Amino acid sequence: MKLKLDAQTYWLVGGVLALLVVSSLIGWVLSSCATSDKGKATVENLNARIRAWWMMVAVFGLAMATGGIGSIVLFALTSFLALREFITLTPTRLGDHRTLFWVFFIILPLQYYLIAIKWYGLFAIMIPVYAFLFIPIRSATAGDCENFLERTAKIQWALMICVYCISYVPALLSLDIPGYAGQNGKLMFYFVLVAQISDVLQYVWGKTIGRHKIAPSVSPNKTWEGFIGGIASATLIGAGLWWATPFTPWQSAGMSLAITLMGFGGGLVMSAIKRDRGVKDYGNMIEGHGGVMDRIDSLCFAAPVFFHLTRFFFT
Amino acid sequence: MMKSLFAAIAKLISGASARWVGCVPDVRQRVYFANHTSNLDALVIWALLPTHLRALTRPVAARDYWTKSKLRLYLANNIFNAVLIERKKPTAHDNPLTDMLNALGYRNSLIFFPEGGRQTGKDIAPFKGGLFHLAKDRPDVEFVPVLLENLNRILPKGEFLPVPLMGSLSFGTPIKLEAGEGKMAFLHRAQDAVTALQKT
C-alpha cells in the first residue's frame, strides 16, 4: 500500500505543526499568568496535554510516512493497548482466560491482517459475526456459568469498540475513490484531525465559557457551550480542509459534522462506562490525557460511520 | 544484563505499575510480604523495585516447585537469586526460618508470601506463622505490606499462556512486631495491612 506524499499532505502536516507551536506558546504564556492553585493545576494539565500531542503527532506522522503498513501497525498497537485497558477495567473470570487469549492474540491481529489485504467482505463482518459467535462458545467450553451473559457481552463489547471500530481508521486507506487514487492517506489524516480537533475545541470552549452541563452524572466536564462551540468550529475547520479530500466544501462540512457528532457520542458513552466502574481515566499512559482509550473514544464511534458514508457516496 | 532483560519482560507482560503509598524505595532491610495468586507475583515485585534494590532483594520460593526443571533452577539461582525453602516437611536441619534468616543477613531484603501458596479465591487467605517468627527474630527489619491486583487474571493458577492485562502493585506503610504482641494478633494486623491497600 503506497501513499503519495504530495503538496497537500505537506500543507496538512505543516498546519498541524503550526497549531502545536501556537498552542505551546499559549500554554507557556498562561503558565506565567495563572495565580490561583486551581488555575495553575488546569494550566499544568493543559501543558501536559500539549506535550502529549507533540508525541502523538510525531508517532502518527511517522506511521504515515512509512506508508499504509505503518498506519496499520500503529492502529493495531493502539487497539491492543485500548483493549488491554478496557478488559483490565471489566471484571472477567478464570473461565474467560483462554477466550481472552484468542481475543488478544488471534482475533485482533487477524482483523488488521484483513485490513492490510483489503478484504472488505470479511473485515466488515469477521468480528460482528464470527468472533461474536465464537466468544461465547469458547467461554462455555471452559464450563463456568456464573454471570455468563454479562461476561460474554463485556468481551464482545471490548472487541467491537477497541478493535473493530478502531480498525476502520486504517481501513480508510483501502477505499477506491475515483479520481483520488493513492491519496487516501490524506483522507485518514483529515478524519483523525477533525475528530481530535473537535475534542480539543470542545475542551477549549467548555473551559472558557462553559456553564450549562449536558450530563453531569456522566461527564462533569461536558457543557452545552463546549458542545455547540466545539462541534461548530470543528465542522468549519473540516469544511475548510475540503481541498485535501474527495469532497466539495459543503460535503466536507457534512462529513465533519457527522464525525464530530459521533465523536461526542463516543466520549459520552465511554465516560459512562468509566463512571460505572468508578474510575476517572482508563489508564495513565498518555500524560494529561489519561489512558489510550481516553484519547481515542471519539475515533471509535466516528470511524465506522465516516468509512461507510464515504464508501456509500464516493466509491 | 539478563536480569535487566527479565525485569523488562516482566514489566511488559504484567503492564504493572508500582504505587508507593506508605513508604518510598529504600536500601534499609525489609521484608516485602504480599498476597499470592499468580506465578508472576514474585517476579513482578522484584522487577518493579528500582535496579539498585533489586540486587539486594531475594524472593522466598518453594523448593519443590523451583527445582523441578533445569530452567526453573537456573532462573531461581541466576536471575532472581531466590531463597529456596522446604514448605512440605520442614525438619530441624531443613528449617525454612533458618534459611530465610541466613538469606537476610545484614544487607538483603526478602519478598515473602505468607499465605503459603497461590490462592484462587477472591480473598486473602490467613497468614501462616513464618512471618511472625521472622519479625520476632529480626526486630530491626521493616515489614512492608504489598498488595498485588489483577495478576491472577494475567496468569491464573493452572494456566500457562498469559493475557496482557494491567496489574497493579501497592506498597503500604511498614509494620513491626509490637512489644508483647502475640502471634495471631501480629498475623492479623499484617493481613489487614495488605487488605487495607485495596482502598487506597
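Up top you'll find the structure we're talking about.
To start, this report covers the structure provided alongside it. Computed from a prediction, not measured in an experiment: that's the story for all the values here.

### Concerning the overall build of chain B
When its secondary structure is counted, chain B shows nine helices and seven strands. The C-alpha atoms of chain B give a radius of gyration of 16 Å, which matches the 16 Å a tight globule of 200 residues would have. Along the first, second and third principal axes, the C-alpha set of chain B runs to 45 × 40 × 35 Å. A fraction of 73% describes how many contacts in chain B between residues 6 or more apart in sequence connect residues 24 or more apart.

### As for the overall build of chain A
A count of helical and extended segments in chain A gives eleven helices and zero strands. For chain A, the N- to C-terminal ordering of α and β elements is α-α-α-α-α-α-α-α-α-α-α. Its C-alpha radius of gyration of 20 Å places chain A within 12% of the 20 Å reference for a compact globule of 315 residues. Along the longest, intermediate and shortest principal axes, the C-alpha atoms of chain A span 60 × 50 × 30 Å.

### Quick look at the interface of chain A and chain B
If you look at the interface, chain A gives ten residues, while chain B gives ten residues. Sorting the residues of the side of chain A that touches chain B by element identifies helix H3 (68-89) and helix H4 (97-116) of chain A as the ones contributing at least two each. Along the lines of polarity and charge, the residues of the side of chain A that touches chain B split into five nonpolar, three polar and two charged.

### Quick notes on the packing of helix H7 (residues 148-171) of chain A against helix H11 (residues 292-314) of chain A
Residue and element names in this part refer to chain A. Where H7 contacts H11, the two axes come as close as 8 Å, and the packing angle between them is 60°. Classified by the interaxial angle, the pair formed by H7 and H11 is oblique. The handedness of the crossing between H7 and H11 comes out as left-handed. The residues of H11 that touch H7, namely those facing Ile161, Cys165, Ile166, Tyr168, Val169 and Ala171, are Ile296, Leu299, Cys300, Phe301, Ala303, Pro304 and Phe307. Among the residues forming the contact of H7 with H11, the class breakdown is 13 nonpolar, no polar and no charged.

### What about the pairing of strand S3 (residues 57-62) of chain B?
All names here are of chain B. For S3, a buried count of five out of six residues is recorded, marking the element as mostly surrounded by other parts of the structure. Inspection of the sheet shows S3 paired to strand S5 (residues 109-112) by three bridges, in the parallel sense. When the sheet's bridge partners are listed, Arg58 is paired in S5 with Leu110. Direction of pairing for S3 relative to strand S4 (residues 83-85): parallel, over a ladder of three bridges. Opposite Ala61, over in S4, you have Leu84 as the bridge partner.

### Notes on the packing of helix H6 (residues 126-141) of chain A against H7(A)
All names here are of chain A. As a packed pair, H6 and H7 sit with axes 10 Å apart at the nearest point and diverge in direction by 145°. As for the relative orientation of H6 and H7, their crossing is right-handed in sense. For the pair formed by H6 and H7, the contact residues are Ile127, Pro128, Ala131, Phe132, Ile135, Pro136 and Ser139 on the first element and Arg151, Thr152, Ile155, Gln156, Leu159, Met160, Val163 and Tyr164 on the second. Across the contact of H6 with H7, the residue classes tally to eleven nonpolar, three polar and one charged.

### Some remarks on unusual backbone geometry
For Lys118(A), which is not a glycine, the phi torsion comes out positive at approximately 55°. With respect to the helices and strands, Lys118(A) occurs in the loop between H4 and helix H5 (120-123).

### Comments concerning H6(A)
All names here are of chain A. Between the first and last C-alpha of H6 there are 21 Å, a value that for 16 residues agrees with the 22 Å anticipated at 1.5 Å per step. Taking the largest bend as the criterion, H6 deviates by roughly 30°, centred on Phe132, and proline Pro136 comes between one and four positions later. All of the buried residues in H6 are Ile127, Ala131, Ile135, Arg138 and Ser139. Where the residues of H6 are buried, they touch H4 and H7. Downstream of H6 by one or two residues, Gly143 has phi in the positive range, about 85°.

### Observations concerning the sheet that holds S3(B)
Residue and element names in this part refer to chain B. In spatial order, the strands read S1-S7-S6-S2-S5-S3-S4; together these seven strands make up an open sheet with mixed pairing. The two strands at the open ends of the sheet, each matched to only one other strand, are strand S1 (17-20) and S4. Direction aside, neighbouring strands of the sheet carry axes that sit 25° apart on average. Note: strand S6 (residues 142-149) against strand S7 (residues 168-171), four bridges, orientation antiparallel. Paired with Glu149 across the bridge in S7 is Ser168. Taken strand by strand, helix H2 (residues 40-48) contacts S1, strand S2 (30-34), S3, S5, S6 and S7, and its axis lies near 180° from that of S3.

### A closer look at the pairing of S5(B)
Residues and elements named next belong to chain B. In S5, alternate side chains face the same way, and those of Ser109 and Ile111 on one face and Leu110 and Phe112 on the other are all buried. Taken together, the three bridges between S2 and S5 define a ladder with parallel strand orientation. For Tyr32, the partnering residue across the bridge sits in S5 and is Ile111.

### Overview of the nonpolar core
Of all hydrophobic cores here, the largest spans 131 residues; its most connected members are Leu159(A), Ile166(A), Val169(A), Phe191(A), Ala303(A), Ile45(B) and Val146(B). Once you skip the residues sitting within four places of it in the chain, Ile45(B) turns out to touch Tyr32(B), Ala34(B), Ile111(B), Val146(B) and Leu169(B).

### Overview of the environment of Gly15(B)
Summarising the element assignment, Gly15(B) is placed in the loop between helix H1 (2-14) and S1. For Gly15(B), a count of 20 C-beta atoms within 10 Å corresponds to the buried category. Discounting residues that sit within four places of it in the chain, Gly15(B) has contacts with Arg84(A), Pro164(B), Leu165(B), Met166(B) and Gly167(B).

### Quick word on the environment of Trp250(A)
For Trp250(A), the location among the structural elements is in helix H10 (residues 249-277). Once the C-alpha coordinates of Trp250(A) and Gly95(A) are considered, the two residues, 155 residues apart in sequence, prove to be 52 Å apart.

### Side note on helix H9 (residues 183-196) of chain B
An α-helix turns once per 3.6 residues; consequently, residues spaced three or four apart project the same way. Residues and elements named next belong to chain B. Between the first and last C-alpha of H9 there are 20 Å, a value that for 14 residues agrees with the 20 Å anticipated at 1.5 Å per step. Turning to H9, its buried residues are Phe186, Ala190, Gln191, Ala193 and Val194. For H9, the angular spread of the buried residues around the axis is 155°, confining them to a single face. Elements that come into contact with the buried residues of H9 comprise S2, helix H7 (130-137) and S6.

### Here's the deal with the environment of Thr245(A)
Residue and element names in this part refer to chain A. Topologically, Thr245 is positioned in the loop between helix H9 (224-240) and H10. The exposure class of Thr245 is buried, given the 25 C-beta atoms found within 10 Å. Apart from residues no more than four positions distant in its own chain, Thr245 is found in contact with Lys186, Leu187, Tyr190 and Ser252.

Cut-offs used in this document
Residues numbered from 1 in each chain as written. Chains lettered and ligands numbered in written order. Predicted model: local features only at pLDDT ≥ 70, side-chain atom pairs only at ≥ 80, totals over all residues. Helix = DSSP H or I, 4+ residues; strand = E, 2+ residues; numbered from the N terminus. Rg over C-alpha atoms; globule rule 2.2 N^0.38 Å. Contact = placed C-beta atoms within 7 Å. Nonpolar A, V, L, I, M, F, W, Y, C, P; charged D, E, K, R; others polar. Axes fitted to C-alpha atoms, helices over the stretch in contact; angles between N-to-C directions. Parallel < 35°, antiparallel > 145°, perpendicular 65-115°, else oblique. Left-handed = near helix turned anticlockwise from the far one by under 90°. Buried ≥ 20, exposed ≤ 12 C-beta atoms within 10 Å, placed from the backbone. Pairing = 2+ DSSP bridges. Expected span 1.5 Å × (residues − 1). Bend = angle between axes of the 7 residues up to and from the residue. Core = buried A, V, L, I, M, F, W, Y, C linked by C-beta atoms within 7 Å. Arc of directions from axis to C-beta.

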